[in-house]
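Single-letter residue listing:
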Amino acid sequence: MTKDRSILTDYVREHWYYYLLAVALIIASNIAQAALPRVLGQFTDALLAGGIRYDMIVRYSLILAAIGIAYNVLFGAGQFSVMRLGRKFEFAMRQSLFRKFSTLSEHYFSRQGTGKLLSSMTNDVNSVRESISNGVTMTTNAVFLFLSCVVMMLLSHIPLHLIVVCIIPMIAIPFLVVYFGPRIRKRSMSVQESLAVMTDSAEEQLRGIRVTKTFAIEPTARERFGSTVDQIKDNQLHLVRMSSLFQAAVPFLGALSLVISLLYGGYLAVQGEITIGNFIALTLYLRIMSGPLQQIGNVINMMQRSGASLDRVNRLLGEQPDIQDSEQAQPLAASPDLKLSGLSFTYPGSERPALKDIHLHIASGQTLGIVGKTGSGKTTLVKLLLRIYDPPTGTVWLGGTDVRDISINSLRSRIAYVPQDGFLFSTTIRDNIAFSDRSIPLEKVENHARQAMIYEPIVRFPDKFDTRLGERGVTLSGGQRQRTSLARGLAKTGPILILDDSMSAVDAVTETGILANLVQERKQRTTLIISHRISAVKQADRIIVLDEGRIVEQGTHQQLLEQRGIYASMYQLQEEGLYYE
Ligand SMILES: Nc1ncnc2c1ncn2[C@@H]1O[C@H](COP(=O)(O)OP(=O)(O)OP(=O)(O)O)[C@@H](O)[C@H]1O
């Protein structure tokens, strides 16, 4: 367990008075409950001494009823306070985790896998919440009920030596805990980890369900998912075996105490050293005490589980984003030029550089076309510009400032980036297009939809721009999705527009229409158009051809044709209707 318990200790410190109140209520309820056997013992002795009397039965019944009501009200109120605190903690913890996730980089997510993170947000948070609600109730209940019982036994004149002898077997419980505790915890961690792997697998299988169906490989998908479930089952069984053994051992010791009380207590009662009432009270006390002892076992199990979960949550919350604002971070200039000087970049953990020694200067307001084979480094260039990954210091400059010294928020909020696989959210088309600023008026949203040539298909839906997308809404075609994502990019204001192969799923005629609509847009912004199609970049002020991370050709469309290199052959192939790869 790490020493850093910050999120939990902070929370408890902040709400200590509620916890104190809850603990006080539970203690009061324990005292009420512990009075019960004593009253029954007194009743038995009174019966034996003077026979049954009507007023006595009524009096004792009223006392028992009062004890019962007091116990229920006090315990209920205490439990409610603690549960409420637990739920509030759960809410706060999920908020903090999500806030943290939103600061972490793409690299972090590709390294971790979303299943693990989702599992933390659900299972780990639940487990910690349980420990601070049920854990507090159960621990307080167990400790104070046990103590109250001992005190009440002494007040009832049950001899100390009899009490000690009867509870001796229960003293073995801490030793059991020490033995089982770490083992249970280790197995619980394996269960949580296999649950995370299963979530990952389920998420991927469900996301790829369309592909699976078109390939008719459902059995393979089921088999793959099944193996992750089998792993959980094995780990769960391991855990269940160990915790069952532990949970069975605890009540067994309670039962052993009862046997001793019958033997020794019974003997003392026969000898006349304790009253029959005392003997009955003793057995009832031991019966009550086996409950708290079992609870101690459960609490220990729960604490073990939640200890591992809390460690994971704290580790996540302590994660430092690998891309951060520098101390001298400044906003992006109003109309920045783009300069790349000697840019080389290798992805973390990769052997081969994705970009090699790139030099380039694009004046503000100009359009740069980027072409090249798949994997040649086109998207990597954009990721470095957006600081999805940090480029080496002094290699990428915007408006005369190293991008590493431009604040991340200003950089990303003012660069309109349209990726190839534009993910759309399960909300209305209007909200998707006005994603960067929900207050954009409908006319503007419609204008951007016209620019992206998606207006007509949208207004054909009965709800037009209020049509909901996603699982419970309309499913757009690939080309429609891409154009909606393009409209979303165009709705974002800012001095730089980047289209990353964002017209690949639209036909050539529509692409030409969109490009014509963008002429005005491009004059006001520095524009980068990445494409496999020459037609998309041929109007650019400059075009670069990337190959294996290097600029191998550059110039205007005309100049590149004259060079008769890769670009010229791509053009020729595409003009002839063939596809260059
Ligand atoms: N996150 C990553 N980690 C490691 N390597 C990566 C990562 N992303 C891309 N690469 C590698 O970097 C190289 C360049 O990839 P990039 O995505 O920039 O190519 P691209 O030219 O945009 O390709 P495409 O036209 O297919 O989109 C490829 O070899 C790719 O495998």
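Cut-off values and rules
Residues numbered from 1 in each chain as written. Predicted model: local features only at pLDDT ≥ 70, side-chain atom pairs only at ≥ 80, totals over all residues. Heavy atoms only, no water. Domains from an automatic or database assignment. Contact = heavy atoms within 4.5 Å. Buried area = accessible area lost by both parts, 1.4 Å probe. Salt bridge = Lys/Arg side-chain N within 4 Å of Asp/Glu carboxyl O. Polar contact = N/O pair within 3.5 Å; in protein donor to acceptor, adjacent residues only side chain to side chain. Nonpolar A, V, L, I, M, F, W, Y, C, P; charged D, E, K, R; others polar. Phe/Tyr/Trp six-rings, centres within 6.5 Å; stacked < 30°, edge-to-face > 60°. Buried < 20%, exposed > 50% of the residue type's maximum accessible area, 1.4 Å probe, protein only. Lys NZ or Arg CZ within 6 Å of the ring centre and 35° of its normal.

S.K.: I'm lost on the domain arrangement of the protein in this one. Help?
M.R.: When the parts of a complex come together, some accessible area is lost, and that lost area is often taken as the interface size. In terms of domain boundaries, the protein breaks down into domain 1 (6-317) and domain 2 (338-575). On a C-alpha basis, the centroid separation for the pair domain 1 and domain 2 is 56 Å. Taken together, the contacts link 4 residues of domain 1 with 4 residues of domain 2. The contact between domain 1 and domain 2 buries some 340 Å² in all, and 49% of this surface belongs to carbon and sulfur atoms. Ranking the residues of domain 1 by area buried against domain 2 places Glu 106, His 107 and Arg 210 at the top, with a combined share of 91%. Counting across the domain 1 and domain 2 interface gives 0 salt bridges. Summed over the shared surface of domain 1 and domain 2, the result is 0 residue pairs in polar contact (both at pLDDT 80 or more). Looking at the side of domain 1 that touches domain 2 residue by residue, the class counts come to no nonpolar, 3 polar and 1 charged.

S.K.: Quick question: what am I supposed to make of the packing of aromatic side chains here?
M.R.: By convention here, two paired aromatic rings are described through the distance between centres and the angle between planes. Counting across every chain of the model gives 14 aromatic pairs. Seen in terms of ring centroids, Phe 101 and Phe 109 are 6.4 Å apart; in terms of plane orientation they differ by 80°. Their pairing is edge-to-face. Under the relative-accessibility criterion, Phe 101 is labelled buried at 9%. When its relative accessible area of 25% is taken as the criterion, Phe 109 is described as partly exposed. Between Tyr 108 and Phe 109, the aromatic rings sit 5.7 Å apart at their centres with planes inclined by 85°, giving edge-to-face as the arrangement. A cation sits over an aromatic face here: Arg 84 above Tyr 18, 5.7 Å from the ring centre. In this structure, Lys 339 packs its charged tip against the face of Trp 397, placed 5.8 Å from the ring centre.

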